[in-house]
Amino acid sequence: MKPFPAFARSALVLAGLALLAACNSSSKKADAPAKLEDFKPTAQVQKIWSASVGGGEPKLRLGLGVALEGERVFAAGYNGNVAAYDVKSGRRLWEVDTRLPITGGPGVGSGLVVAGARFGDLVALDAATGKRKWQSRINSEILSAPLVTAQHVLLRTVDGRVSSFSAADGKLEWSAEQQVPRLSLRGAGVPAVTPEAVIAGFDNGRIMALQQRNGDTIWEVTVAPPSGRSELDRLVDIDSAVKAVGTDIYAVTFQGKVARIDLETGQVQWSRDMSSYSGLALDDDGLYVTSSQGSVVKIGRRTGVEMWKVDSLLNRRLSPPGVVGGLVAAADLKGIVHFLDAATGTLAARVKTSGDRVTAAPVVSGDTIIFMDTKGTLSALRATAAAK
């Protein structure tokens with residue numbers, strides 16, 4: 001029997017997850033988004049600008065978001081538009097129509113803005129002007145942002161591959177892969193890089209460290225082995241970005257674990273049960289995860305010990321978190337951004353943005369955090385925590 005292509009497999013798992021949720025729910029009320037309770041704000045949050053790149057296709061669950069370099073933020077829409085904005089004012093610096101159905105990105109670095117399209121096209125633009133530098137193609141749907149370094153453009157695609165392209169001309173340099181389970185979540189996580197290595201997570205719950213220059217395997221490790229009787233039970237995708245800080249690698253899986261891994265050896269330093277398809281954020285002492293149930297959890301980076309957990313936002317389908325000015329922020333299915341005190345988890349502020357769901361990770365510049373919703377609207381918020 002011929003295996004399902006990535007497109008069909010992705011659609012199947014979404015339908016399967018919806019069916020599983022219906023079967024496991026005793027009532028619609030049990031899965032209803034948590035009601036937002038009144039509270040006294042302790043932080044000041046101001047919406048300073050908004051903009052739209054357009055072209056949202058929320059039903060497709062695309063890998064579109066925002067990318068930051070210096071004082072500029074970049075965004076792309078399914079309609080093919082890629083745009084650059086000034087971080088402080090929101091002034092549009094340039095906008096181009098690539099005439100591609102963009103589904104992943106953009107990624108930015110070393111003067112390039114790179115985005116991927118539904119049928120495998122990869123396009124690189126000049127970050128200063130938007131002028132097209134090169135275009136390449138890979139035989140897979142692109143649902144994550146390319147990672148751009150001085151010499152390489154690194155890309156995780158839904159077919160279980162991580163590939164390296166030349167940043168100079170877009171030529172494919174190498175590709176490595178892991179087996180994709182028969183059923184997996186729709187998406188692919190952004191890899192991380194160190195001076196020598198590329199670290200990528202896969203749909204089978206494994207992480208690989210590869211040599212940047214040639215793709216040779218340095219090590220690979222299982223973060224969460226599949227378990228359970230059904231294929232739905234055995235989903236352990238790493239669909240969120242892997243984080244590399246110093247000699248540590250951090251990753252979280254769906255229906256599995258969050259873990260800290262040693263960069264040099266691939267040895268798991270600690271792990272704890274966790275399920276997330278959104279992802280995690282870091283500050284000096286903590287790791288913050290938005291779980292698939294809607295909890296927000298802080299874990300000690302070095303110890304793996306839970307420091308606090310907030311359950312007041314259950315079933316609100318939270319975005320990946322961002323850390324800004326002593327606050328942890330995540331947006332929900334209604335475009336409402338919730339700010340928690342990073343030290344205690346106490347709700348500190350709440351701001352409504354566009355009214356549409358946010359699935360992409362925010363970017364942070366100084367005291368400003370920028371979210372993009374599934375319809376392509378950007379919202380820049382300036383946040384100031386209360387003095388202690």
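Residues numbered from 1 in each chain as written. Predicted model: local features only at pLDDT ≥ 70, side-chain atom pairs only at ≥ 80, totals over all residues. Heavy atoms only, no water.

Q: How should I be thinking about the pairing of strand β13 (residues 161–166) in this particular structure?
A: Remark: a regular strand shows side chains that alternate across the two faces of the sheet. The buried fraction of β13 is high, at 5 of 6 residues. Where strand β12 (residues 152–156) meets β13, 5 bridges bridge the pair, whose relative direction is antiparallel. The partner of Leu155 across the bridge, within β13, is Ser163. The antiparallel hairpin formed by β12 and β13 contains 4 residues in its connecting segment, where Gly160 sits at a positive phi of about 85 degrees. Bridging between β13 and strand β14 (residues 172–177) involves 5 bridges; their strand directions are antiparallel. Residue pairing across strands places Ser164 opposite Trp174, the latter belonging to β14. The loop that links β13 with its antiparallel partner β14 comprises 5 residues; one of these, Gly170, has a positive phi angle of about 80 degrees. (Buried < 20%, exposed > 50% of the residue type's maximum accessible area, 1.4 Å probe, protein only. Helix = DSSP H or I, 4+ residues; strand = E, 2+ residues; numbered from the N terminus. Pairing = 2+ DSSP bridges.)

Q: I'm lost on the environment of Arg186 in this one. Help?
A: With respect to the helices and strands, the residue Arg186 is situated in the loop between β14 and β15 (192–193). Between the C-alpha atom of Arg186 and that of Lys375, which follows or precedes it by 189 residues, the distance is 18 Å. Within the local environment of Arg186, its side chain forms a polar contact with the side chain of Glu141, the two groups lying 3.0 Å apart. (Polar contact = N/O pair within 3.5 Å; in protein donor to acceptor, adjacent residues only side chain to side chain.)

Q: Teacher, can you tell me more about the sheet that holds strand β6 (residues 92–97) here?
A: Strand pairs in the sheet, formed through backbone hydrogen bonds, run parallel or antiparallel to each other. In space, the 4 strands of this open sheet follow the order β3-β4-β5-β6, with antiparallel pairing throughout. The outermost strands of the open sheet, each flanked by one partner alone, are β3 (66–69) and β6. The average angle at which neighbouring strand axes cross in this sheet is 15 degrees, direction not considered. Two elements, β3 and strand β4 (residues 72–76), share 4 bridges in a ladder whose sense is antiparallel. Residue Leu68 lies in a different strand from β4, and its bridge partner there is Val73. (Axes fitted to C-alpha atoms, helices over the stretch in contact; angles between N-to-C directions.)

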